[in-house]
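# Results of the structural survey
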Amino acid sequence: MNSSIFAEWKVETSFKNTRIDYYLKKKFKSLSYPYVCTLLRKGLVKVNGKRVKNSYNLCLYDVIRINKNLNLQSEEQTNSYISEKYKRIIRSWLIYKDKNYIAINKPSGIAVQGGTKVKINVDGILEGLRFSAKEKPKLIHRLDKQTSGILILARSLKSAAFAGNLFKNRKIKKTYLAVLNGKILESKGKIDIPIINKDKESDATTLYETLCTSKNLSLVKINPLTGRKHQIRKHFFLKGMPIIGETKFIKSSEKKLNDELFLHAFKTEFTSLDEKKIIIRADLPVYFKRILEQNNITLDYSKI
(Lines give C-alpha, C1' and ligand atoms only; values in the text may rest on other atoms or scores of the structure.)
Protein backbone atom coordinates (compact mmCIF):
# COMPACT_ATOMS: atom_id res chain seq x y z
CA MET A 1 0.00 0.00 0.00
CA ASN A 2 1.43 3.39 -1.02
CA SER A 3 1.09 5.57 2.11
CA SER A 4 1.96 8.72 0.14
CA ILE A 5 -1.53 8.85 -1.34
CA PHE A 6 -3.14 8.80 2.10
CA ALA A 7 -3.62 11.50 4.71
CA GLU A 8 -3.52 10.45 8.35
CA TRP A 9 -4.77 11.80 11.65
CA LYS A 10 -4.39 10.51 15.19
CA VAL A 11 -7.43 10.81 17.42
CA GLU A 12 -6.87 13.46 20.07
CA THR A 13 -8.36 13.55 23.57
CA SER A 14 -11.31 15.77 22.60
CA PHE A 15 -12.63 13.08 20.20
CA LYS A 16 -12.07 10.05 22.43
CA ASN A 17 -15.19 7.84 22.60
CA THR A 18 -16.94 9.80 19.81
CA ARG A 19 -18.28 8.18 16.65
CA ILE A 20 -16.21 8.14 13.49
CA ASP A 21 -19.03 9.76 11.49
CA TYR A 22 -19.17 12.64 13.97
CA TYR A 23 -15.39 13.04 13.75
CA LEU A 24 -15.47 13.21 9.94
CA LYS A 25 -18.31 15.75 9.94
CA LYS A 26 -16.31 17.95 12.32
CA LYS A 27 -13.08 17.47 10.39
CA PHE A 28 -14.57 18.06 6.95
CA LYS A 29 -17.27 20.71 7.20
CA SER A 30 -18.19 20.54 3.51
CA LEU A 31 -19.26 16.87 3.61
CA SER A 32 -22.89 15.87 3.93
CA TYR A 33 -23.70 13.13 6.40
CA PRO A 34 -24.88 10.68 3.68
CA TYR A 35 -21.55 11.15 1.86
CA VAL A 36 -19.64 10.47 5.10
CA CYS A 37 -21.55 7.19 5.43
CA THR A 38 -20.75 6.35 1.79
CA LEU A 39 -17.01 6.89 2.34
CA LEU A 40 -17.08 4.57 5.35
CA ARG A 41 -19.18 1.93 3.61
CA LYS A 42 -16.82 1.84 0.60
CA GLY A 43 -13.75 1.62 2.81
CA LEU A 44 -12.34 4.94 1.62
CA VAL A 45 -11.84 5.85 5.27
CA LYS A 46 -10.00 3.36 7.49
CA VAL A 47 -9.22 3.27 11.19
CA ASN A 48 -6.00 1.51 12.14
CA GLY A 49 -5.90 0.11 8.61
CA LYS A 50 -9.36 -1.49 8.81
CA ARG A 51 -12.82 -0.66 7.56
CA VAL A 52 -15.24 0.46 10.25
CA LYS A 53 -18.95 1.19 10.45
CA ASN A 54 -20.21 4.73 10.91
CA SER A 55 -21.13 3.84 14.50
CA TYR A 56 -17.53 2.95 15.44
CA ASN A 57 -16.41 4.71 18.65
CA LEU A 58 -12.92 6.17 18.39
CA CYS A 59 -10.16 5.39 20.87
CA LEU A 60 -7.36 7.74 21.85
CA TYR A 61 -4.55 7.67 19.25
CA ASP A 62 -6.55 5.68 16.70
CA VAL A 63 -5.08 6.35 13.26
CA ILE A 64 -7.61 7.54 10.68
CA ARG A 65 -6.49 7.26 7.07
CA ILE A 66 -8.21 8.84 4.05
CA ASN A 67 -7.27 8.76 0.37
CA LYS A 68 -5.89 12.16 -0.67
CA ASN A 69 -7.41 11.76 -4.13
CA LEU A 70 -10.78 12.59 -2.60
CA ASN A 71 -9.46 16.16 -2.36
CA LEU A 72 -11.17 16.82 0.96
CA GLN A 73 -10.64 20.10 2.74
CA SER A 74 -9.88 19.71 6.44
CA GLU A 75 -11.38 21.80 9.21
CA GLU A 76 -8.01 23.45 9.81
CA GLN A 77 -7.70 24.45 6.14
CA THR A 78 -11.29 25.68 6.06
CA ASN A 79 -10.84 27.65 9.26
CA SER A 80 -7.78 29.48 7.94
CA TYR A 81 -10.03 30.88 5.20
CA ILE A 82 -13.23 31.32 7.18
CA SER A 83 -11.64 32.98 10.20
CA GLU A 84 -10.09 35.70 8.05
CA LYS A 85 -13.25 36.34 6.05
CA TYR A 86 -15.76 36.26 8.90
CA LYS A 87 -13.76 37.00 12.04
CA ARG A 88 -14.75 40.65 12.05
CA ILE A 89 -18.43 39.78 11.55
CA ILE A 90 -18.76 37.18 14.31
CA ARG A 91 -16.71 39.31 16.71
CA SER A 92 -19.11 42.18 16.12
CA TRP A 93 -21.79 39.92 17.66
CA LEU A 94 -19.73 39.34 20.84
CA ILE A 95 -21.45 40.53 24.03
CA TYR A 96 -19.72 38.49 26.76
CA LYS A 97 -16.38 36.72 27.28
CA ASP A 98 -14.59 35.13 30.24
CA LYS A 99 -12.20 32.19 30.61
CA ASN A 100 -15.05 29.65 30.43
CA TYR A 101 -17.80 31.09 28.23
CA ILE A 102 -18.50 33.40 25.33
CA ALA A 103 -21.89 34.82 24.36
CA ILE A 104 -22.93 36.36 21.06
CA ASN A 105 -26.02 38.28 20.04
CA LYS A 106 -27.01 36.14 17.06
CA PRO A 107 -28.85 37.99 14.31
CA SER A 108 -32.11 36.67 12.93
CA GLY A 109 -31.62 34.79 9.67
CA ILE A 110 -28.31 33.15 10.67
CA ALA A 111 -28.45 29.40 11.31
CA VAL A 112 -26.58 27.98 14.29
CA GLN A 113 -25.51 24.86 12.40
CA GLY A 114 -25.09 23.93 8.76
CA GLY A 115 -27.58 22.14 6.53
CA THR A 116 -28.28 21.30 2.93
CA LYS A 117 -29.26 24.85 1.95
CA VAL A 118 -27.21 26.68 4.61
CA LYS A 119 -24.03 28.38 3.40
CA ILE A 120 -23.11 30.47 6.45
CA ASN A 121 -23.75 29.32 10.00
CA VAL A 122 -22.42 30.12 13.47
CA ASP A 123 -20.77 26.72 13.94
CA GLY A 124 -18.82 27.15 10.72
CA ILE A 125 -17.19 30.44 11.76
CA LEU A 126 -16.51 29.82 15.46
CA GLU A 127 -12.79 29.87 14.75
CA GLY A 128 -13.13 33.64 14.73
CA LEU A 129 -13.91 33.51 18.47
CA ARG A 130 -10.95 31.35 19.51
CA PHE A 131 -8.91 34.37 20.75
CA SER A 132 -6.02 32.98 22.85
CA ALA A 133 -7.68 29.65 23.68
CA LYS A 134 -6.20 26.32 22.51
CA GLU A 135 -9.41 25.42 20.70
CA LYS A 136 -12.37 27.19 19.19
CA PRO A 137 -15.52 27.54 21.36
CA LYS A 138 -18.19 24.86 21.34
CA LEU A 139 -21.95 25.05 20.87
CA ILE A 140 -23.86 24.00 23.98
CA HIS A 141 -27.43 24.90 22.93
CA ARG A 142 -29.35 26.12 19.89
CA LEU A 143 -31.50 28.98 18.64
CA ASP A 144 -33.84 28.86 15.65
CA LYS A 145 -32.45 30.44 12.51
CA GLN A 146 -35.16 33.14 12.68
CA THR A 147 -34.71 33.77 16.42
CA SER A 148 -32.26 36.47 17.45
CA GLY A 149 -30.41 36.93 20.71
CA ILE A 150 -28.11 35.24 23.19
CA LEU A 151 -26.19 32.15 22.15
CA ILE A 152 -23.81 30.75 24.80
CA LEU A 153 -20.56 29.06 23.74
CA ALA A 154 -18.17 27.04 25.91
CA ARG A 155 -14.42 27.63 25.65
CA SER A 156 -13.40 24.12 26.77
CA LEU A 157 -14.76 20.59 27.08
CA LYS A 158 -14.95 21.04 30.85
CA SER A 159 -17.05 24.19 30.66
CA ALA A 160 -19.20 22.61 27.91
CA ALA A 161 -19.94 19.57 30.09
CA PHE A 162 -20.77 21.80 33.08
CA ALA A 163 -23.17 23.93 31.03
CA GLY A 164 -24.70 20.82 29.50
CA ASN A 165 -25.64 19.61 32.98
CA LEU A 166 -27.12 23.01 33.80
CA PHE A 167 -29.36 22.84 30.73
CA LYS A 168 -30.28 19.23 31.48
CA ASN A 169 -31.23 20.08 35.07
CA ARG A 170 -32.98 23.31 34.06
CA LYS A 171 -30.62 25.53 36.05
CA ILE A 172 -30.17 28.11 33.31
CA LYS A 173 -32.85 30.80 33.27
CA LYS A 174 -33.66 32.14 29.81
CA THR A 175 -35.81 35.20 29.17
CA TYR A 176 -37.20 36.01 25.74
CA LEU A 177 -39.07 39.02 24.44
CA ALA A 178 -41.69 38.56 21.74
CA VAL A 179 -44.31 40.62 19.94
CA LEU A 180 -47.54 38.68 19.45
CA ASN A 181 -50.31 39.17 16.93
CA GLY A 182 -53.25 39.97 19.21
CA LYS A 183 -54.00 41.20 22.71
CA ILE A 184 -53.48 39.02 25.77
CA LEU A 185 -56.10 39.80 28.39
CA GLU A 186 -54.37 38.24 31.39
CA SER A 187 -51.18 39.86 32.75
CA LYS A 188 -49.46 36.54 33.48
CA GLY A 189 -49.97 32.99 32.38
CA LYS A 190 -48.60 29.51 31.78
CA ILE A 191 -48.81 27.36 28.67
CA ASP A 192 -48.51 23.68 29.52
CA ILE A 193 -48.90 21.80 26.23
CA PRO A 194 -46.77 18.74 25.33
CA ILE A 195 -44.55 19.00 22.24
CA ILE A 196 -44.60 16.11 19.77
CA ASN A 197 -41.43 15.56 17.76
CA LYS A 198 -40.86 12.43 15.63
CA ASP A 199 -43.82 10.69 17.28
CA LYS A 200 -42.38 11.33 20.75
CA GLU A 201 -44.42 13.42 23.18
CA SER A 202 -42.50 15.53 25.69
CA ASP A 203 -43.78 17.80 28.44
CA ALA A 204 -43.31 21.50 27.72
CA THR A 205 -44.02 24.50 29.93
CA THR A 206 -43.78 28.19 29.04
CA LEU A 207 -44.37 31.07 31.46
CA TYR A 208 -45.18 34.51 30.13
CA GLU A 209 -45.94 38.01 31.34
CA THR A 210 -47.60 40.75 29.32
CA LEU A 211 -45.45 43.87 29.39
CA CYS A 212 -47.53 46.08 27.12
CA THR A 213 -50.37 45.99 24.59
CA SER A 214 -50.97 48.40 21.74
CA LYS A 215 -53.54 48.26 18.94
CA ASN A 216 -53.62 44.55 18.12
CA LEU A 217 -50.13 43.68 19.40
CA SER A 218 -48.78 42.34 22.70
CA LEU A 219 -45.22 42.58 23.97
CA VAL A 220 -44.53 39.67 26.29
CA LYS A 221 -41.71 38.43 28.47
CA ILE A 222 -41.27 34.67 28.17
CA ASN A 223 -39.50 32.15 30.41
CA PRO A 224 -39.49 28.61 29.00
CA LEU A 225 -39.13 26.06 31.81
CA THR A 226 -38.35 23.32 29.30
CA GLY A 227 -36.29 23.49 26.14
CA ARG A 228 -38.24 21.64 23.47
CA LYS A 229 -37.64 22.30 19.79
CA HIS A 230 -39.66 25.34 18.59
CA GLN A 231 -41.41 25.34 21.98
CA ILE A 232 -42.11 29.07 22.31
CA ARG A 233 -43.22 29.48 18.71
CA LYS A 234 -45.53 26.48 18.83
CA HIS A 235 -47.04 27.31 22.22
CA PHE A 236 -48.13 30.81 21.21
CA PHE A 237 -49.36 29.55 17.84
CA LEU A 238 -51.53 26.99 19.64
CA LYS A 239 -52.76 29.71 21.98
CA GLY A 240 -54.06 31.55 18.89
CA MET A 241 -51.62 34.43 19.23
CA PRO A 242 -48.63 33.63 16.99
CA ILE A 243 -45.42 35.61 17.18
CA ILE A 244 -45.31 38.27 14.47
CA GLY A 245 -43.31 36.95 11.52
CA GLU A 246 -44.20 33.32 12.30
CA THR A 247 -43.85 31.12 9.21
CA LYS A 248 -43.25 27.62 10.56
CA PHE A 249 -46.72 27.00 11.95
CA ILE A 250 -48.70 29.40 9.73
CA LYS A 251 -49.66 28.39 6.20
CA SER A 252 -47.87 30.35 3.49
CA SER A 253 -51.24 31.43 2.07
CA GLU A 254 -52.00 33.34 5.26
CA LYS A 255 -50.92 36.97 5.41
CA LYS A 256 -47.79 37.83 7.39
CA LEU A 257 -47.56 41.11 9.23
CA ASN A 258 -43.78 41.26 8.93
CA ASP A 259 -40.86 39.45 7.31
CA GLU A 260 -38.85 39.15 10.55
CA LEU A 261 -39.67 36.88 13.47
CA PHE A 262 -40.17 39.01 16.58
CA LEU A 263 -38.67 36.56 19.06
CA HIS A 264 -35.47 37.57 20.85
CA ALA A 265 -33.41 35.73 23.47
CA PHE A 266 -32.95 38.79 25.67
CA LYS A 267 -31.43 37.55 28.94
CA THR A 268 -29.63 34.47 30.26
CA GLU A 269 -28.75 33.79 33.91
CA PHE A 270 -26.68 30.96 35.37
CA THR A 271 -23.94 30.15 37.89
CA SER A 272 -20.65 29.25 36.22
CA LEU A 273 -18.39 26.37 37.22
CA ASP A 274 -16.26 28.79 39.26
CA GLU A 275 -19.47 29.72 41.18
CA LYS A 276 -19.65 33.06 39.42
CA LYS A 277 -23.17 34.44 38.86
CA ILE A 278 -23.48 35.36 35.20
CA ILE A 279 -26.24 37.59 33.80
CA ILE A 280 -26.11 38.41 30.08
CA ARG A 281 -28.41 40.73 28.15
CA ALA A 282 -28.59 41.11 24.37
CA ASP A 283 -29.73 44.35 22.75
CA LEU A 284 -32.86 44.15 20.58
CA PRO A 285 -32.51 44.13 16.78
CA VAL A 286 -33.25 47.38 14.93
CA TYR A 287 -36.49 46.06 13.42
CA PHE A 288 -37.68 44.97 16.89
CA LYS A 289 -37.02 48.44 18.36
CA ARG A 290 -38.74 50.03 15.39
CA ILE A 291 -42.03 48.20 15.89
CA LEU A 292 -42.03 49.17 19.57
CA GLU A 293 -41.49 52.82 18.65
CA GLN A 294 -44.21 52.67 16.00
CA ASN A 295 -46.63 51.42 18.65
CA ASN A 296 -45.49 53.87 21.34
CA ILE A 297 -44.13 51.09 23.54
CA THR A 298 -41.32 52.01 25.91
CA LEU A 299 -39.45 49.60 28.18
CA ASP A 300 -37.02 49.77 31.06
CA TYR A 301 -34.83 46.86 29.97
CA SER A 302 -32.87 46.89 33.23
CA LYS A 303 -36.01 45.67 35.03
CA ILE A 304 -36.58 42.68 32.78
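## Digging into the layout of surface pockets
Its volume calculated, the second largest pocket comes out at about 1,100 Å³. For the second largest pocket, the lining is made up of 35 residues, of which Arg142, Asp144, Arg228, Lys229 and His230 are closest to its centre. When its residues are assigned to classes, the lining of the second largest pocket shows 12 nonpolar, 11 polar and 12 charged.

## Some details on the packing of helix α1 (residues 20-27) against helix α2 (residues 33-41)
Viewed as axis vectors pointing N to C, α1 and α2 meet at an angle of 120°, and their least axial separation amounts to 10 Å. Judged by the inter-axis angle, α1 sits oblique to α2. Like other packed secondary-structure pairs, α1 and α2 cross with a definite hand, here right-handed. Here Ile20, Asp21, Leu24 and Lys25 of α1 come into contact with α2, specifically with Tyr33, Val36 and Leu40. A breakdown of the residues in the contact of α1 with α2 according to their chemical character gives 5 nonpolar, no polar and 2 charged.

## What about helix α6 (residues 286-294)?
Along α6, the residues classified as buried are Tyr287, Phe288, Ile291 and Leu292. The buried side chains of α6 occupy one side of the element, clustering within an arc of 140° when seen end-on. Projecting away from the buried face of α6 at angles above 90 degrees are the exposed residues Val286, Glu293 and Gln294. Buried residues along α6 sit in contact with β8 (148-154), β9 (173-181), β14 (217-224) and β15 (263-271). Remark: Asn296 follows α6 within two positions and exhibits a positive phi of approximately 55°.

## Notes on the nonpolar core
Soluble globular proteins tend to pack their nonpolar side chains together in the buried interior. Grouped together as the largest cluster of nonpolar side chains are 59 residues, with contacts concentrated most on Val179, Ile222 and Phe288. Excluding residues within four positions of it along the chain, Phe288 makes contact with Leu177, Ala178, Val179, Leu219, Phe262, Leu263 and His264. Core analysis: the next-biggest nonpolar cluster, separate from the first, contains 18 residues, Ala7, Val11, Leu40 and Ile66 among them.

## Quick notes on empty space enclosed by the protein
Tallying each qualifying case throughout the model produces 1 cavity of 30 Å³ or more. One number sums up the size of the largest cavity: a volume of about 50 Å³. Lining the largest cavity are His141, Leu143, Ile150, Ile152, Phe167, Lys174, Thr175, Tyr176, Ala265, Lys267 and Thr268. Among the secondary structure elements, those contributing two or more residues to the lining of the largest cavity are β8, β9 and β15. In terms of residue class, the lining of the largest cavity is made up of 6 nonpolar, 3 polar and 2 charged.

## Concerning the environment of Leu44
With respect to the helices and strands, Leu44 occurs in the loop between α2 and β2 (45-47). Taking the C-alpha atoms as reference points, Leu44 and Arg65, separated by 21 residues in sequence, lie 8.3 Å from one another.

## Examining the pairing of β14
With 8 of 8 residues buried, β14 lies mostly within the body of the structure. Of the strand pairs in this sheet, β9 and β14 are connected by 6 bridges, and their pairing is antiparallel. Note that in β14 the partner of Leu177 across the bridge is Lys221. The pairing of strand β13 (residues 205-214) with β14 spans 8 bridges and is classified as antiparallel. For Cys212, the partnering residue across the bridge sits in β14 and is Leu219. Linking β13 to β14, which pair antiparallel, is a turn of 2 residues; within it Lys215 sits at a positive phi near 55°.

Criteria and cut-off values
Residues numbered from 1 in each chain as written. Predicted model: local features only at pLDDT ≥ 70, side-chain atom pairs only at ≥ 80, totals over all residues. Heavy atoms only, no water. 1 Å grid on protein atoms, 1.4 Å probe; cavity = no way out; pocket = protein on both sides within 12 Å on 5 of 7 lines; lining within 4 Å. Points joined across faces, edges and corners; volume = space filled by probe spheres on them. Nonpolar A, V, L, I, M, F, W, Y, C, P; charged D, E, K, R; others polar. Axes fitted to C-alpha atoms, helices over the stretch in contact; angles between N-to-C directions. Helix = DSSP H or I, 4+ residues; strand = E, 2+ residues; numbered from the N terminus. Parallel < 35°, antiparallel > 145°, perpendicular 65-115°, else oblique. Left-handed = near helix turned anticlockwise from the far one by under 90°. Contact = heavy atoms within 4.5 Å. Buried < 20%, exposed > 50% of the residue type's maximum accessible area, 1.4 Å probe, protein only. Arc of directions from axis to C-beta. Core = buried A, V, L, I, M, F, W, Y, C linked by side-chain atoms within 4.5 Å. Pairing = 2+ DSSP bridges.

The values are spatial; any link to function lies outside them.
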